[in-house]
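Residue-level listing of the chains:
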Amino acid sequence: MVKVRFAPSPTGYLHVGNTRTALINALFAQNQKGRFVLRIEDTDVERSDVAFEVSIIENLKWLGIVWDEGPYRQSQRLDIYRAYTKALLDKGVAYKCYCSKDVLEKMREASLKRGEPPKYNGTCRGLSKDVVEKFEKEGKPYVVRFKSSHTPIGFKDEIRGEINFPRDHVDDFIILKQELTPSYNFAVTIDDMLMGITHVIRGADHISNTPKQIMLFRAFDAEHPVYAHHSLLTGNDRKPLSKRHGATSVREFRDMGILKQALVNYLGIIGRNVKNELMEEEELVRTFYLGSLSSSDSIFDVGKLLWFNKEYMRKIPVDNLLLGLGLSIDYKDRVLLLRENAKTLKEMKELFDIFDGTDIEDGGVNYLSQVEGWDSIVAPLKVILASNGDILFDDILQGVEGNTNLKKKELLMVLRILCTGRKSGPPLKEIFQFIPKDIIMKRIECLQQRFSLL
Ligand code: GLU
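Residues numbered from 1 in each chain as written. Predicted model: local features only at pLDDT ≥ 70, side-chain atom pairs only at ≥ 80, totals over all residues. Heavy atoms only, no water.

**Student:** Describe the site of the ligand, listing the residues and the values that go with them.
**Tutor:** Every residue lining the ligand is accounted for by Arg5, Ala7, Ser9, Glu41, Tyr184, Val188, Arg202 and His206. Between an oxygen atom of the ligand and a side-chain N or O atom of Arg5, the distance comes to 2.8 Å. Glu41 places a side-chain nitrogen or oxygen 2.6 Å from a nitrogen atom of the ligand. Coverage of the ligand by the protein amounts to 84% of the 300 Å² it exposes when considered alone. Of the residues contributing to the shell around the ligand, the split by class is three nonpolar, two polar and three charged. (Near = heavy atom within 4 Å. Polar contact = N/O pair within 3.5 Å; in protein donor to acceptor, adjacent residues only side chain to side chain. Areas by Shrake-Rupley, 256 points an atom, 1.4 Å probe, with all protein chains shown as cover. Nonpolar A, V, L, I, M, F, W, Y, C, P; charged D, E, K, R; others polar.)

**Student:** How would you explain the nonpolar core if you had to name every residue and give the values?
**Tutor:** Phe300 and Leu415 are the most contacted members of the largest nonpolar core, which totals 99 residues. Residues in contact with Phe300, not counting those within four places in the same chain, are Val16, Leu233, Thr234, Gly235, Leu241, Phe253, Tyr266, Leu267, Ile270 and Leu305. Among the nonpolar cores identified, the runner-up in size contains 31 residues, and Ala187, Ile214, Phe217 and Phe220 belong to it. (Core = buried A, V, L, I, M, F, W, Y, C linked by side-chain atoms within 4.5 Å. Buried < 20%, exposed > 50% of the residue type's maximum accessible area, 1.4 Å probe, protein only. Contact = heavy atoms within 4.5 Å.)

**Student:** Kindly report on the environment of Thr210, identifying the contributing residues and their values.
**Tutor:** Mapping Thr210 onto the fold places it in helix H7 (residues 210-219). For Thr210, a relative accessible area of 0% puts it in the buried group. A C-alpha to C-alpha distance of 10.0 Å links Thr210 and Val200, two positions 10 residues apart in sequence. Residue contacts for Thr210: discarding those within four places in its chain leaves Phe155, Arg202, Tyr227 and His229. Of the polar contacts made by the side chain of Thr210, one reaches the side chain of His229; its length is 3.3 Å. (Helix = DSSP H or I, 4+ residues; strand = E, 2+ residues; numbered from the N terminus.)

**Student:** Would you mind going over a negative patch on the surface in detail, with residue names and values included?
**Tutor:** A contiguous patch of negative charge, built from Glu350, Asp353, Asp356 and Asp359, is present on the exposed surface. For Glu350, the position within the fold is in helix H14 (residues 345-351). Residue classification places Glu350 among the partly exposed residues on the basis of a relative accessible area of 44%. (Patch = residues over 30% accessible without salt bridge, like charges linked within 9 Å, V, L, I, M, F, W, Y side chains within 5 Å. Salt bridge = Lys/Arg side-chain N within 4 Å of Asp/Glu carboxyl O. Lys, Arg positive; Asp, Glu negative; His and termini not counted. Charge placed at Lys NZ, Arg CZ, Asp CG, Glu CD.)

**Student:** Account for the packing of helix H9 (residues 260-269) against helix H11 (residues 302-315), naming residues and giving values.
**Tutor:** Packed helix pairs are specified by the crossing angle of their axes together with the interaxial distance, meaning the distance between the axes. Relative to each other, H9 and H11 sit at 130°, their axes nearing to 8 Å. Comparing their axes, H11 and H9 come out oblique. Viewed along their axes, H9 and H11 form a crossing whose handedness is right-handed. Touching Gln261, Ala262, Leu263, Asn265, Tyr266 and Ile269 of H9 are Lys304, Leu305, Phe308, Asn309 and Tyr312, all from H11. (Axes fitted to C-alpha atoms, helices over the stretch in contact; angles between N-to-C directions. Parallel < 35°, antiparallel > 145°, perpendicular 65-115°, else oblique. Left-handed = near helix turned anticlockwise from the far one by under 90°.)

**Student:** Go over the packing of aromatic side chains, please, and point to the residues and values.
**Tutor:** This structure, assessed with the given rule, holds 16 aromatic pairs. Considering the side-chain rings of Phe28 and Phe288, the 6.5 Å spacing of their centres and the 65° angle between planes classify their relative orientation as edge-to-face. Pair noted here: Phe28 is in helix H1 (residues 16-31) and Phe288 is in the loop between helix H10 (281-286) and strand S12 (298-299), with a separation of 260 residues, a long-range link. Phe288 matches Phe28 in its accessibility class, with the two residues each being buried. Here the aromatic cluster, defined as three or more aromatic residues joined through ring pairs, consists of Phe253, Tyr266, Phe300, Trp307 and Phe308. The lysine or arginine in question, Lys96, covers the ring of Tyr142, its NZ or CZ lying 4.2 Å from the ring centre. In this arrangement the basic side chain of Arg145 is found over the ring face of Tyr120, its NZ or CZ atom lying 3.6 Å from the centre. (Phe/Tyr/Trp six-rings, centres within 6.5 Å; stacked < 30°, edge-to-face > 60°. Lys NZ or Arg CZ within 6 Å of the ring centre and 35° of its normal.)

**Student:** Could you give me a rundown of unusual backbone geometry, with the residues and numbers involved?
**Tutor:** Here Gly70 and Pro71 are connected by a cis peptide whose omega angle stands at 5°. Looking at the element boundaries, Pro71 is found in strand S3 (residues 69-73). Unusually for a residue other than glycine, His150 sits at a positive phi of about 50°. Along the chain, His150 turns up in the loop between strand S5 (143-146) and strand S6 (153-157). In this model, Asp221 sits at a positive phi of 55°, which is unusual for a non-glycine residue.

**Student:** Go over the sheet that holds strand S1 (residues 3-6) with me, naming the residues and quoting the values.
**Tutor:** In sheet architecture, strand pairing relies on hydrogen bonds along the backbone and comes in two forms, parallel and antiparallel. Here three strands make up an open sheet; going across it, the order is S1-S2-S3 and the pairing parallel. Only two strands of the sheet have a single partner each, and these edge strands are S1 and S3. Strand after strand, the sheet turns through a mean of 25° between neighbouring axes, direction not considered. Of the strand pairs in this sheet, S1 and strand S2 (residues 35-40) are connected by four bridges, and their pairing is parallel. What sits directly across from Lys3, in S2, is Arg35. (Pairing = 2+ DSSP bridges.)

Below, the structure written as structure tokens:
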């Protein structure tokens, strides 16, 4: 059975790039009727923060990305990594390295001087038994390194095809650090092995780690999982998506009033060759296969996300919108009207000013300043508004039409600005019934003051 995992490091808020990784894993697992594991990679004590873990989990849940197992936490599995390190030491395929930080730094500088990537030169690989014993007696600090095989390593990537690495790509890398915590590559390999992960689907930034992980699998006589490295997200300038491009975390998009359905749909089709971009979850799952993912970087375009959002604002049940806006069922008709005019929940909230604010948009004021005689309708309008009983928009229109020379189009726009404070919005005839008459009165008075008509 297929088993995949999403393995975030809790060193920041859930980024859309990582969310896409989680989603791709979830879609693949569901399509294959497999299992999905959530694993928190929190062995980097300095950079990890429980608050980030809580936020990542909360945002995954909000998006509806669900897991079958976990969350496992690597920080709670340290004994396992230590035991497996010991197994490699006993087997003679790992060794303790006592090189000091200074020595390693000099080695690094020398490599860089030669124009080579920094690599460990293997000094401690061949230490005699006596020297090791002496160092151990002295309690000299050490790390544990893996004896890399120095053979070319290749694997078939499900998205990119054959990937081969030269024999010297991997040095004797650290598997257990001085504080006896595992390195990233070691913890990942042990977990993928013990958790029975069949497919590792992750970002292309991890390609160069894969040979190390494959070597470790071999050292344990275990078969490595299938690998699939998807492309990374970029901004419109084709540079890696970062804060420079604006919002990047799920949290920020939520605050902007983006619906989860829109974010899931967009992240689910980005970098995929699909016939129809608008797909709800069931269709995303049904049409998903790893080969449908492009190997070249994909642009994350906020404009496109807003397009998806606008579509879902109109598509989802109105009850969900009410929930997202924190409004009761009493507001249903207003929300139904406004949703046609808002791209986000935030814009929708702003549109509620129509019913309880008295601000007039600058565009509205500018418009009026260019329409001669707009105020000819003020007096009859006030009279109608002051009358008792239900007033319909048609009553207003009939009542003012005879008192003005404004063209019909102008008249409707002036009425819209006076009643709603804006130049655009839902059909006036329909929205009018929801605007309290005293709010319209106040708007008119505000405008009269601004134009010194009072
Ligand atoms: N913890 C790694 C990260 O957040 C992911 C490791 C993996 O998927 O192998 O980038």
